[in-house]
Amino acid sequence: LKEGADIITATPGRLLELVQSNSLDLTQIRFFVLDEADSLIDNHKEMIDQIYTKLPTSRLQTLLFSATLHSASVRKMAEKITHFPTWIDLKGKDSVPETVHHAFVSIDAEQNNSWINPAPRPQTDHIHQRDNIRPGNNNPNPETISEGTKILKPLLLVQIINAYKMEQAMIFVRTKVDADNLEDYFHSLDG
């Protein structure tokens, strides 16, 4: 972090810890992403508020993703941390404004076998460490599909970042292990 970073993935607690210890400066952030915003807000609202006060007030694009965008907590947070927000409800095509372009990335470890031997290979949470993972098998078991999906996520995330030419982004993940693994994967891409 001392040398700078283009993408930071962290749990709210770890990110706030880094900011408070002056190990991380958020003044140049251009994208602030809250994935699973409902859960993050419900469980870490105070930390999100503290983090937001450290972000720049101009040139910041804030993105909140949630299956429950209509929840009161998500709406209240969106009103607080966004300016002129655009709500995208994927329940129907007519609900997306014409000015908004979106893409959906389907992750299917059975169809997309790029996870079998990627270089470098993203680490996972090792939940299937003792399972009979059979990459390349014509009839994969559920554990193999789950592990493949976990490996595909960072591979596809990098493709999205490159496709949209993102110079900086903030990505929230579910667990500290996920954050550490994604950070390690990004570092491995730098060579």
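Residues numbered from 1 in each chain as written. Predicted model: local features only at pLDDT ≥ 70, side-chain atom pairs only at ≥ 80, totals over all residues. Heavy atoms only, no water.

1. Quick word on the nonpolar core
Judged by nonpolar contacts, the single largest core of 24 residues is most densely connected at Leu15, Leu26, Phe32, Leu34, Leu64 and Met170. In terms of residue count, the dominant contributor to this core is helix 2 (residues 37-53) (6 residues). The next biggest cluster of nonpolar side chains, apart from the first, holds 11 residues, and it includes Ala109, Ile151, Ile161 and Ile171. (Core = buried A, V, L, I, M, F, W, Y, C linked by side-chain atoms within 4.5 Å. Buried < 20%, exposed > 50% of the residue type's maximum accessible area, 1.4 Å probe, protein only. Helix = DSSP H or I, 4+ residues; strand = E, 2+ residues; numbered from the N terminus.)

2. Describing the pattern of salt bridges
On inspection of all chains with the given rule, the structure shows 7 salt bridges. Residues glutamate 147 and arginine 121 are paired through a salt bridge, measuring 3.6 Å at the closest nitrogen-oxygen approach. Of this pair, glutamate 147 sits in helix 4 (residues 142-163) while arginine 121 is found in the loop between helix 3 (72-81) and helix 4, placing the two residues 26 residues apart along the sequence. Among the salt bridges present, the one from lysine 150 reaches aspartate 125, with a minimum N-O distance of 2.9 Å. Separated by 25 residues along the polypeptide, lysine 150 in helix 4 and aspartate 125 in the loop between helix 3 and helix 4 bring together distant segments of the chain. (Salt bridge = Lys/Arg side-chain N within 4 Å of Asp/Glu carboxyl O.)

3. Topic: the confidence of the model for the protein chain
Confidence along the protein chain averages 85 in pLDDT terms, with 91% of residues attaining 70 or more. Mean pLDDT per element in the protein chain: strand 4 (residues 169-171) is the minimum at 76, and helix 5 (residues 176-189) is the maximum at 93. (pLDDT = per-residue confidence, 0-100.)

4. Comments concerning the side chain of aspartate 38
By the element assignment, aspartate 38 lies in helix 2. Summary of buried charges: aspartate 38 has no salt-bridge partner, and the nearest side chain of opposite charge, arginine 174, is 12 Å away. Non-local contacts of aspartate 38, meaning those with residues more than four positions away in its chain, are made with Ser66, Thr68, Ser71 and Val74. (Lys, Arg positive; Asp, Glu negative; His and termini not counted. Contact = heavy atoms within 4.5 Å.)

5. A few points about helix 2
Because the α-helix completes a turn every 3.6 residues, residues three or four places apart line up on one side. With 17 residues, helix 2 extends just 17 Å between its outermost C-alpha atoms, more than 12% less than the 24 Å of an ideal straight helix rising 1.5 Å per residue. Its axis deflected by about 100 degrees at histidine 44, helix 2 carries its strongest bend there. Of all the positions in helix 2, only Ala37, Asp38, Leu40, Ile41, Ile48, Asp49, Ile51 and Tyr52 are classed as buried. Structurally, helix 2 contributes buried residues whose contacts are with helix 1 (12-20), strand 2 (31-34), strand 3 (61-64) and helix 3. (Expected span 1.5 Å × (residues − 1). Bend = angle between axes of the 7 residues up to and from the residue.)

6. Observations concerning unusual backbone geometry
Residues alanine 119 and proline 120 are joined by a peptide bond in cis, for which omega reads -5 degrees. Of note, proline 120 is situated in the loop between helix 3 and helix 4. Even without glycine at this site, asparagine 22 takes up a positive phi of about 60 degrees. Assignment of secondary structure puts asparagine 22 in the loop between helix 1 and strand 2. In this structure, arginine 59 takes a positive phi of about 60 degrees despite not being glycine. Taking the relative accessible area as the measure of exposure, arginine 59 reaches 61% and is therefore exposed.

7. A word on helix 1
Here helix 1 has its buried residues at Pro12, Leu15, Leu16, Leu18 and Val19. Looking straight down helix 1, one finds that the buried residues subtend no more than 160 degrees of arc, so they occupy a single side. Looking at the buried side of helix 1, the elements it contacts are strand 1 (7-9), helix 2 and strand 4. (Arc of directions from axis to C-beta.)

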